Amino acid sequence: MTETILLDMDGVVLEGPGTPQSVYDRAADTAAAELGLEPTDRQRADLRAHGYETVESACCALGADPREFWRRKEAAASRLAADRIRSGERARYEDVAALESLAERATLALVSNNRHETVRFVADHLPVPFAAARGRDPTPEGFCRRKPDPHLLRETLDELGIEAGLYVGDRETDVLAAEEVGLEAAYLRRPHNADVPLPEDAAYEIESLGELGNVLEKR
Ligand SMILES: [Mg+2]
């Protein structure tokens, strides 16, 4: 039986726990400029925020369509994220190299809370043959379906036509989402989560992607 390993992206293959706020700040400013908005400092801060309701109320005060603003902000963030990865400003972890040989014996997929466009870009950019890549849709609904919601994992399992496997993540939300869809969770230690208590339901704790070959042999 071919094994299946789904991997989170931020903090697992890309260095650092996630997209820095500065990217969303610039993305919000770009979207505001595209729509010709002239926000006050307070409104600009709200447009740069993460939660949809805050963004929505700022858009409404400015007479802008919040869904259109959201779509443009997500698109701008994806362009900026791709530039940072292309230039090497945001690097991959060195142990990603281990995935290249692992792909010969396991089906690999990327499943991330990050934007779908960015996850797709990373899957194409890395020298690893991912069978699927899934991130959040650039809509308020997509933002609500981030892990621990199991939606993204379930969709990927359906796409691959499989029901069992391993999910590798660096947060408790990854472990919770994995459990929800019947995947075993491997909790990966990185500098940013070195001191975080091991989530209760993690089936494995690993220090490097290079250990995944051993994990497959233990299962
Ligand atoms: Mg992560």
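Residues numbered from 1 in each chain as written. Predicted model: local features only at pLDDT ≥ 70, side-chain atom pairs only at ≥ 80, totals over all residues. Heavy atoms only, no water.

The name an unreviewed UniProt entry assigns to the protein is Haloacid dehalogenase superfamily enzyme, subfamily IA, from the organism Natronococcus occultus SP4. Recorded in UniProt under Sequence similarities (unreviewed entry), the annotation for the protein is "Belongs to the HAD-like hydrolase superfamily." (UniProt positions renumbered as here; feature names shortened; annotations may be inferred.)

J.: Sorry if this is basic, but what is going on with the nonpolar core here?
T.: One broad trend across soluble globular proteins is that nonpolar side chains are buried collectively. Judged by nonpolar contacts, the single largest core of 33 residues is most densely connected at Leu-7, Val-13 and Leu-99. A per-element tally of this core places helix H6 (residues 116-125) first, with four residues. For Val-13, the residues in contact, after removing those within four places along its chain, are Asp-8, Ala-91, Arg-92, Tyr-93, Val-96, Leu-99, Leu-110, Val-122, Leu-126 and Leu-209. (Core = buried A, V, L, I, M, F, W, Y, C linked by side-chain atoms within 4.5 Å. Buried < 20%, exposed > 50% of the residue type's maximum accessible area, 1.4 Å probe, protein only. Helix = DSSP H or I, 4+ residues; strand = E, 2+ residues; numbered from the N terminus. Contact = heavy atoms within 4.5 Å.)

J.: Before we go on, may I ask you to explain the sheet that holds strand S1 (residues 3-7) in this structure?
T.: Whether parallel or antiparallel, the strands of a sheet pair through hydrogen bonds between backbone atoms. The strand order S3-S2-S1-S4-S5-S6 describes an open sheet built from six strands, whose pairing is parallel. Taken across any chain shown, the strands that pair with only one partner, and hence form the sheet edges, are strand S3 (132-136) and strand S6 (204-206). When the angles between neighbouring strand axes are averaged without regard to direction, this sheet yields 20 degrees. Where strand S5 (residues 184-188) and S6 come together, three bridges link them in parallel fashion. What sits directly across from Ala-186, in S6, is Tyr-204. (Pairing = 2+ DSSP bridges. Axes fitted to C-alpha atoms, helices over the stretch in contact; angles between N-to-C directions.)

J.: Explanation requested: the side chain of Arg-90 in the structure shown.
T.: Looking at the element boundaries, Arg-90 is found in the loop between helix H4 (66-87) and helix H5 (97-102). Judged by relative accessible area, which is 9%, Arg-90 ranks as buried. Polar side-chain contacts of Arg-90 include one of 2.8 Å to the side chain of Asp-10. One polar contact links the side chain of Arg-90 to the main-chain carbonyl oxygen of Glu-15, over a distance of 2.8 Å. What Arg-90 contacts, discounting residues up to four positions off in sequence, is Asp-10, Gly-11, Leu-14, Glu-15, Gly-16, Pro-17, Gly-18, Thr-19, Arg-84 and Ile-85. (Polar contact = N/O pair within 3.5 Å; in protein donor to acceptor, adjacent residues only side chain to side chain.)

J.: So what exactly am I meant to see when it comes to the packing of aromatic side chains here?
T.: Two aromatic rings are characterised by how far apart their centres lie and by the angle between their planes. This model, assessed by the stated rule, comprises two aromatic pairs. Centre to centre, the rings of Trp-70 and Phe-143 are 5.2 Å apart; their planes meet at 75 degrees, and the pair counts as edge-to-face. Of the two residues, Trp-70 sits in helix H4 while Phe-143 sits in helix H7 (residues 140-144), which places them 73 residues apart along the sequence. Assessed through its relative accessible area of 3%, Trp-70 is described here as buried. The class for Phe-143 is buried, based on a relative accessible area of 9%. An aromatic cluster is built from Tyr-52, Trp-70 and Phe-143, whose rings are joined through pairwise contacts. Lying over the aromatic face of Phe-143, Arg-146 brings its terminal NZ or CZ to 3.7 Å of the ring centre. Directly above the aromatic system of Tyr-93 lies the positively charged group of Arg-190, at a separation of 3.7 Å from the ring centroid. (Phe/Tyr/Trp six-rings, centres within 6.5 Å; stacked < 30°, edge-to-face > 60°. Lys NZ or Arg CZ within 6 Å of the ring centre and 35° of its normal.)

J.: Help me understand a negative patch on the surface in this model?
T.: A cluster of acidic side chains, namely Glu-172, Glu-179, Glu-180, Glu-200 and Asp-201, defines a negative patch on the protein surface. Here Glu-180 is to be found in helix H9 (residues 172-180). (Patch = residues over 30% accessible without salt bridge, like charges linked within 9 Å, V, L, I, M, F, W, Y side chains within 5 Å. Areas by Shrake-Rupley, 256 points an atom, 1.4 Å probe, with all protein chains shown as cover. Salt bridge = Lys/Arg side-chain N within 4 Å of Asp/Glu carboxyl O. Lys, Arg positive; Asp, Glu negative; His and termini not counted. Charge placed at Lys NZ, Arg CZ, Asp CG, Glu CD.)

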